[in-house]
Amino acid sequence: MNLVSTRIITGDVERLMKFYEKITEIIAIQYTPDFAELQTPNATIAIGSTRTLQLFGGDHVAKPAFNQSTIIEFLVNDVDQEFERLKDFLSSQIVQEPTVMPWGNKSLLFRDPDENLVNFFTPVSKEAMEKFKSKMV
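Per chain, residue numbering runs from 1 following the sequence as it is written. With the structure being a predicted model, the display of local features is reserved for residues of pLDDT at least 70 and the display and counting of side-chain atom pairs for 80 or more, all residues being used for whole-chain, interface and lining totals. Only hydrogens and water are set aside when side-chain values are computed; all heavy atoms of the structure are taken into account.

Draft legend 1. Focus on the side chain of Thr24. Along the chain, Thr24 turns up in helix α1 (residues 13-24). Exposure classes here rest on a 1.4 Å probe applied to the protein chains alone. A residue is buried below 20% of its type maximum, exposed above 50%, and partly exposed in between. When its relative accessible area of 18% is taken as the criterion, Thr24 is described as buried. A distance of 2.6 Å separates a polar atom in the side chain of Thr24 from the backbone oxygen of Tyr20. In protein, a polar contact requires one atom able to donate a hydrogen and another able to accept it; more generally it is a pair of N or O atoms within 3.5 Å, and residues adjacent in sequence count only if both atoms are side-chain atoms. Polar side-chain contacts of Thr24 include one of 3.2 Å to the backbone nitrogen of Ile26. When residues no more than four places from it in sequence are discounted, the contact partners of Thr24 are Leu38 and Phe74. Put simply, DSSP marks the helices as runs of H or I at least four residues long and the strands as runs of E at least two long, and each gets a number from the N terminus on. Whether two residues are in contact is decided by their heavy atoms: any pair within 4.5 Å suffices.

Draft legend 2. Examining the packing of α1 against helix α2 (residues 79-90) more closely. With axes taken as lines fitted to C-alpha atoms, and helix axes fitted only over the stretch in contact, angles between N-to-C directions fall between 0 and 180 degrees. The contact between α1 and α2 brings their axes to 10 Å, and the two run at 150°. Classed by the angle they form, the pair α1 and α2 counts as roughly antiparallel. The segment α1 lies against α2, with Phe19, Lys22 and Ile23 engaging Glu82, Arg85, Leu86, Phe89 and Leu90. Tallied by class, the residues present in the contact of α1 with α2 amount to five nonpolar, no polar and three charged. Each angle receives one of four descriptions, namely roughly parallel if under 35 degrees, roughly antiparallel if over 145, roughly perpendicular if within 65 to 115, and oblique otherwise. Here the nonpolar group is Ala, Val, Leu, Ile, Met, Phe, Trp, Tyr, Cys and Pro; Asp, Glu, Lys and Arg are the charged ones; every other residue, Gly included, is treated as polar.

Here you go:
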């Protein structure tokens, strides 16, 4: 088994797509007005409109902008550099500036336009660097 994608359901595909393009510096592929993907080397962020929920059984399946339990995480080469690049763009959306976590990653936590939590992190401890060495870009 291989996790290949995380899909975010939104009321505004264009807005969320532009946000993720800005923070990742990856150009999205927009297949339809209701569906886009940003492909990283290891996984894909898919963005689907609420209209796509009809294909999965109806509006009750998922609710946009209601996530309160998931953090979308991106491994970055230098979290401090990313913070400097994005701090004006993110401004009030920043939850926590770069901070070293007990498990050895330095993390920047912020919210996307739909209030989903996003974490940019860089391994800084020996153990964390070893764990992620094959995934660094």
